[in-house]
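Coordinates in review
In case you want the letters, here they are:
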2 protein chains.
Amino acid sequence: MDIPTTPPVPAATLTGLLDGRWAHVRRDARTRMAAAPSPRTYDLSTEQHRAQVLAELRALAASGYPRTGFAKRHGGGGDPGGFLTAFEMLGFGDLSVMVKAGVQWGLFGGAVEALGTERHHERHLRAIMSGDLLGCFAMTEAGHGSDVQHLRTTATYDPATAEFVVHTPHEAARKEYIGNAARDGRLAVVFAQLVTGGESHGVHALLVPIRDEHGGPAPGVRIEDCGRKAGLNGVDNGRLWFDQVRVPREALLDRYGAVAVDGTYRSPIEGDSRRFFTMLGTLIRGRISVAGAAGSATKSALTIAIRYGLARRQFERPGSSDEVVILDYLAHQRKLLPALASAYALHFAQDELVATLHELSDPAHADSGDDDPRDRRGRELESRAAGLKAVATWHATRTIQACREACGGAGYLAENRLPQLKADTDVFTTFEGDNTVLLQLVAKGLLTGYQQHLHELGSVGMARFIAEKFVGVVIERTAARSLIDRLVTAVTPQDEETDLLDRGWHLKLFEDREEHVLDTLARRLRRAGDADADPFEVFNDAQDHVLRAARAHIDRIVLEAFVAAIDRCPDQDAAALLDRVCDLHVLSTVEADLDWFLGHGRLTAARAKAVTGAVNALCKALRGHAEVLVDAFAIPDALIDAPIALGAESDRQRAQSSRHGVALPRTEDSGKAAAP
Amino acid sequence: MDIPTTPPVPAATLTGLLDGRWAHVRRDARTRMAAAPSPRTYDLSTEQHRAQVLAELRALAASGYPRTGFAKRHGGGGDPGGFLTAFEMLGFGDLSVMVKAGVQWGLFGGAVEALGTERHHERHLRAIMSGDLLGCFAMTEAGHGSDVQHLRTTATYDPATAEFVVHTPHEAARKEYIGNAARDGRLAVVFAQLVTGGESHGVHALLVPIRDEHGGPAPGVRIEDCGRKAGLNGVDNGRLWFDQVRVPREALLDRYGAVAVDGTYRSPIEGDSRRFFTMLGTLIRGRISVAGAAGSATKSALTIAIRYGLARRQFERPGSSDEVVILDYLAHQRKLLPALASAYALHFAQDELVATLHELSDPAHADSGDDDPRDRRGRELESRAAGLKAVATWHATRTIQACREACGGAGYLAENRLPQLKADTDVFTTFEGDNTVLLQLVAKGLLTGYQQHLHELGSVGMARFIAEKFVGVVIERTAARSLIDRLVTAVTPQDEETDLLDRGWHLKLFEDREEHVLDTLARRLRRAGDADADPFEVFNDAQDHVLRAARAHIDRIVLEAFVAAIDRCPDQDAAALLDRVCDLHVLSTVEADLDWFLGHGRLTAARAKAVTGAVNALCKALRGHAEVLVDAFAIPDALIDAPIALGAESDRQRAQSSRHGVALPRTEDSGKAAAP
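What counts and how
- Residues numbered from 1 in each chain as written.
- Chains lettered and ligands numbered in written order.
- Predicted model: local features only at pLDDT ≥ 70, side-chain atom pairs only at ≥ 80, totals over all residues.
- Heavy atoms only, no water.
- Pairing = 2+ DSSP bridges.
- Helix = DSSP H or I, 4+ residues; strand = E, 2+ residues; numbered from the N terminus.
- Axes fitted to C-alpha atoms, helices over the stretch in contact; angles between N-to-C directions.
- Core = buried A, V, L, I, M, F, W, Y, C linked by side-chain atoms within 4.5 Å.
- Buried < 20%, exposed > 50% of the residue type's maximum accessible area, 1.4 Å probe, protein only.
- Contact = heavy atoms within 4.5 Å.
- Lys, Arg positive; Asp, Glu negative; His and termini not counted.
- Salt bridge = Lys/Arg side-chain N within 4 Å of Asp/Glu carboxyl O.
- Parallel < 35°, antiparallel > 145°, perpendicular 65-115°, else oblique.
- Left-handed = near helix turned anticlockwise from the far one by under 90°.
- Nonpolar A, V, L, I, M, F, W, Y, C, P; charged D, E, K, R; others polar.
- Disulfide = S-S within 2.5 Å.
- Domains from an automatic or database assignment.
- Phe/Tyr/Trp six-rings, centres within 6.5 Å; stacked < 30°, edge-to-face > 60°.
- Lys NZ or Arg CZ within 6 Å of the ring centre and 35° of its normal.

Focus on the sheet that holds strand 7 (residues 221–225) of chain B
Residues and elements named next belong to chain B.
- What the three strands build is an open sheet, ordered 4-8-7; its pairing is antiparallel. The open sheet terminates on both sides in strands that have one partner only, identified here as strand 4 (175–178) and strand 7. Averaged over all adjacent pairs, the angle separating strand axes in this sheet is 25°, with direction ignored.
- Here two bridges tie strand 4 to strand 8 (residues 238–242), and the two strands are oriented antiparallel to one another. Bridge pairing links Ile178 to Gly238 in strand 8.

Some words on the nonpolar core
- One finds Ile306, Tyr344 and Phe428 of chain A together with Tyr344 and Phe428 of chain B to be the most contacted residues of the largest nonpolar core, which totals 363 residues.
- Contacts of Phe428 of chain B, omitting those with residues within four sequence positions, involve Leu95, Met98, Val99, Leu232, Val290, Ala293, Ala294, Lys389, Thr393 and Asn435 of chain B.

Looking at the side chain of Asp424 of chain A
- Within the element layout of this structure, Asp424 of chain A appears in helix 11 (residues 418–425).
- Within the buried core, Asp424 of chain A has no salt-bridge partner, and the shortest N-O distance to an opposite charge, that of Arg417 of chain A, equals 7.3 Å.
- Apart from the residues within four sequence positions on either side, Asp424 of chain A is in contact with Asp94, Leu95, Gly231 and Leu232 of chain A together with Tyr412 of chain B.

Some details on the packing of helix 4 (residues 80–90) of chain A against helix 5 (residues 95–115) of chain A
Residue and element names in this part refer to chain A.
- The N-to-C vectors of helix 4 and helix 5 enclose an angle of 155°; their axes lie 9 Å apart at closest approach. On the basis of their axis angle, the class for helix 4 and helix 5 is roughly antiparallel. When the axes of helix 4 and helix 5 are compared, the crossing they make is right-handed. Contacts between helix 4 and helix 5 involve Phe83, Phe87 and Leu90 on the former and, on the latter, Met98, Ala101, Gly102, Trp105 and Gly106.
- Split into classes, the residues belonging to the contact of helix 4 with helix 5 amount to six nonpolar, two polar and no charged.

Observations concerning the state of the cysteines
- This structure, assessed with the given rule, holds zero disulfides over all chains.
- You can see Cys403 of chain A has no disulfide; the closest cysteine sulfur is in Cys407 of chain A, sitting 6.7 Å from it.
- As a non-bridged cysteine, Cys619 of chain B has Cys403 of chain B as the owner of its nearest cysteine sulfur, 14 Å distant.
- In this structure Cys619 of chain B comes out as buried when scored by relative accessible area, which is 0%.

Quick look at the packing of helix 9 (residues 330–360) of chain A against helix 18 (residues 572–592) of chain A
Residues and elements named next belong to chain A.
- Contact geometry for helix 9 and helix 18: axes closest at 8 Å, N-to-C directions at 110°. On the basis of the axis angle, helix 9 is roughly perpendicular to helix 18. Considering the relative orientation of helix 9 and helix 18, their crossing is left-handed. Each of Arg334, Leu337, Pro338, Ala341, Ser342, Tyr344 and Ala345 in helix 9 lies in contact with helix 18, whose residues at this interface are Leu578, Val581, Leu584, His585, Ser588 and Glu591.

Regarding the domain arrangement of chain A
- Looking at chain A, the domain boundaries give domain 1 (135–272) and domain 2 (445–624).
- Relative to domain 2 of chain A, the C-alpha centre of domain 1 of chain A lies at a distance of 41 Å.

Looking at the sheet that holds strand 8 (residues 238–242) of chain A
Residue and element names in this part refer to chain A.
- Strand order across the open sheet formed by three strands is 4-8-7, with antiparallel pairing between neighbours. Bordering the open sheet on either side are strand 4 (175–178) and strand 7 (221–225), each of which pairs with just one other strand. Geometrically, the sheet is characterised by an average inter-axis angle of 25° between neighbouring strands, direction not taken into account.

Quick look at the pattern of salt bridges
Residues and elements named next belong to chain B.
- Scanning the entire structure with this criterion turns up 92 salt bridges over all chains.
- A salt bridge links Lys100 to Asp184, with the nearest nitrogen and oxygen atoms 2.6 Å apart. Here Lys100, found in helix 5 (residues 95–115), pairs with Asp184, found in the loop between strand 4 and strand 5 (187–196); they are 84 residues apart in sequence, far enough to count as distant.
- On the basis of relative accessibility, which here comes to 11%, the residue Asp184 falls in the buried class.
- Note that Arg119 is salt-bridged to Asp254, the shortest N-O span being 2.7 Å. Within this pair, whereas Arg119 is found in helix 6 (residues 118–130), its partner Asp254 is found in the loop between strand 9 (245–248) and strand 10 (258–259), the two being separated by 135 residues in sequence.
- Exposure remark for Arg119: the relative accessible area of 38% places this residue in the partly exposed category.

Quick look at the packing of aromatic side chains
- What the rule picks out here adds up to 20 aromatic pairs over all chains.
- With a centroid separation of 5.4 Å and an interplanar angle of 40°, the aromatic rings of Phe348 of chain A and Phe562 of chain A are classed as tilted. Pair noted here: Phe348 of chain A is in helix 9 and Phe562 of chain A is in helix 17 (residues 543–567), with a separation of 214 residues, a long-range link. A single burial state applies to Phe348 of chain A and to Phe562 of chain A, both of which are buried.
- One aromatic cluster is present, formed by Tyr344, Phe348, Phe562 and Phe633 of chain A through successive ring pairs.
- The side chain of Arg607 of chain B reaches across the aromatic face of Trp505 of chain B, ending 4.2 Å from its centre.

Here it is, written out as structure tokens:
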């Protein structure tokens, strides 16, 4: 098919749109990071790497950045959007720094601020922001990672001494994979089942010192190093065991649940489960940060692979002695350009998520009632943060892998950074919530309006809830509602005459798929309520359907964010180029799920074939813009830091390709006479 | 759908079938490797790892194994099948050892034997086999990796001194990524454009010393270390530059092309290109070895992930306090079991390939004429080795990645081996021939009978050849021909009534897809011959079609090998179980290409949906056999060496899950009263 040609666009124009609302934060971060880039880490031992990362963490603290995310009344900047954007930018450096900063200021500091009260804030937040007090977020246990509600550590109140006794009852209850635990952390936010007066009140968080002033383990605390990992070796992950460790009553972070001196429990939130999931709200920022950092790492990888693809040549073009630039090959374009298009889409979706969180972060909001529309938006945010985290991190894993392969042996050399990008981001798909579990959470959110069971993770909550009640599917549009409403009304998915690049048709196609998948899923899951049904079996047999529903939903959210971004693009040429990028994102997404669209009569065989043809044609059309599209990410060369992406190898290649000054004999197969 | 149940099968029965013809080699390797497993490497510096791998290489040499692959008249064992099987087994240890052994005995030693003549054999082979002489295979250049025919290093004959002058004319002609070059190699087989009397004769190989007795670089040779890589850091890859390095006339490995003292060139093979690709035949063993080692690494990863999946529990089952074993979740089964089924399929295809190579390795065969049917089989072997290498290494990359994710954070810990397995095997998809280039080679082989241009890699040869001549598609069946002929005759792909587990239908479906894809591809490519066509554009626009054709072909070859293996299985229960494994392999392969089958009218929407249902049902049915299916790989525990797969963590999990001795309060959501 013919793709409308688009005029060249300066990278800076695209950068302006990509940088968005927190452009100043991005520009500052670029300047700061390029001035002192993380030294290379691949030849460091684990201990050397940890020391280097700690030094970078201290420099980051000194820059004042970490304060941005804390409330003004606690001495912070009151700018959560800026804070999250700064974290996203950290993803262009050593990802160990990003993760360690996330542990210190996002999880540890965030939990003290969100779950603690005045006395905790006054006592600790300044030292946390300055990095003088380093800490841990000790939630995950060896036996309970995804199912944190059922973790086993206990915190039993002893009214005789007005203390909590924190205890690890057995091996699988050890705290596992805790960042900052193996080396640097002094204080931990420990999640434990709170028991008082012989009664359990579910999971709560307490501040427990894990090291003394000399760096040795605190009494009753055992610390073990998790040791070498695939990546992120600058982060000191460790294991923690507590043997009847006593902490004062005030150690309880008591915003959502407090114990009086006599042991009386009180909470502003009814129900252990609901209270627990309110507390878990602190995890949203972590998930958004991971999605953002995954995006940054993906952009670095794409920049490296695409620049190499534009410099590297291999095999002669027929009838010529020129060698073909490898990004001219369709197969090479297909490895990289659809992934690049989706990186744009995910960027805009991430941007929207950060802005939503920022708007909802007014502290007055946190304790509002269930029926507040802002509360509904909060639940939407939670679901979208979970879904986008899953989709963005899988996209990172796949794309960075493809970039490595697209650079061949050069992509396997540590100096070209792709190995470290791959290894560091690999855990993103399973930490801060396993992606598969997160998508189930998204699906559950789609199937229902709010109610208590909504927030239970895993199959139990899902199956039990579905068995009880089902509220119909509602498609809730995101950004640029009126524009999208206008675009989608005119078409049906099955319309074969509609242009394949018609945005309204794209939107309708995604929306229709989401509705259909959800509707059929709901019907299947209703069977869990039948008298003879085993709810687990009903849920489990439909698990692939559940995951598909969540993906279809996130696909739509992401597309709508892309459409909204193009709509607000002030430059006509840039918008035209982004329209083609969006086309490639949409049609390659459709192509990846083509069997669904074919099998459900949404596309005829002829139109499905045309989709594949259009993806090929779009790759060809965007090939000429590929360099600008990665330059627009505006990653400083000091951070790209890969010889194959910085001209050194390209110059060699060009010299070689033109054969300037090289009198080389030709083989007979070139069809030319042998010379000298 | 209902899947026929199969009785339990002892793992040993399956092991017997898997071990096949070289069972004794596999048993010996297990014993030898388990007695002295590679020490863990993830905390080693590059230099420590290299030293350890060199020590292992010497131990391997001392075991006498490397002799197996060399001809008896050279002091070898004359058992290439055993040699390749031994390499496959090395894939269960440190993969750096496998690769370094492959460089030393497969590539370096193999080239000396295959390309050299009597004097080279007598002078070097014993020292090569014993490991006293370590060497390099210096083919790849920085500017030419896949397109080795156009490499730029020159070897110019100087009749005045009866020497060759080996020279690196410019930067992109440096030898790149050469194993054994950075540290241990003394002698290199250097591939260079041979020039004598001012005339070029294409690429030839010469023996060039690269280090002196003291380990310093030989005069005129510059050596650089490639440095840290994503994995395989026990292999010392380096770069080589030659500055007018003189070697005696006898340094030329002159079996296929010789230069007389006066500079006269003669060769038993007409045509530089044909001669070059005859020489490249030595690469076949390398590709087969890589596919085999990829298979072994994949089996290790699957063993680790499936054992963990059977021990790990997460989330309670509704109406029960039992936590669900994670391999009971459909989503978890889908991550691992289809990959396991395909690992079986690829194992049997690999086995067949090794046996074919073994049979064709009679030295009398090597110089036979073009029309010998054994020569045709040789070309088939070359094509299948290329295709299976591509498919097996991509399967390894995907599967090991899935295994890592399936083990969550535990899979990210170095002690559980998945990170190293992933990192070490990652380069397999792009070395010993980039997979994308190899699949093009396969497609070219399919489109034609033998002729000179067949062997040119890349787009030029493809486009030019297609423009010249096209010979019709022939489906050539592999193993168990009569059985397969009998099975396929009765069905058509479109037959909706045929049972989804009907093997004849599976075979027909794959065969029919291959035929159709090839037929339509041939029609498209014929356009390259049109007067107004740009052959490169015609080829390039069809590149995704080309790759699909190759994959469809390899899918059929692999399936036929699996069918043949089940056919020779003497145990009825084992055969029944393998039938289900084969069903899962087939139907998950169909599912992965469902859009093609739907779009080409091979499956109706209803039947496509049934395929997905059948994959789910097969996962469920095979869940109970998963442990046996990985135990059957018979990887010694000393080599599995991952705590999560060896019961340590599982014991902890079981203790936790039964809550024996743990008086833990229950949360309200469990539906039980709180207890002390």
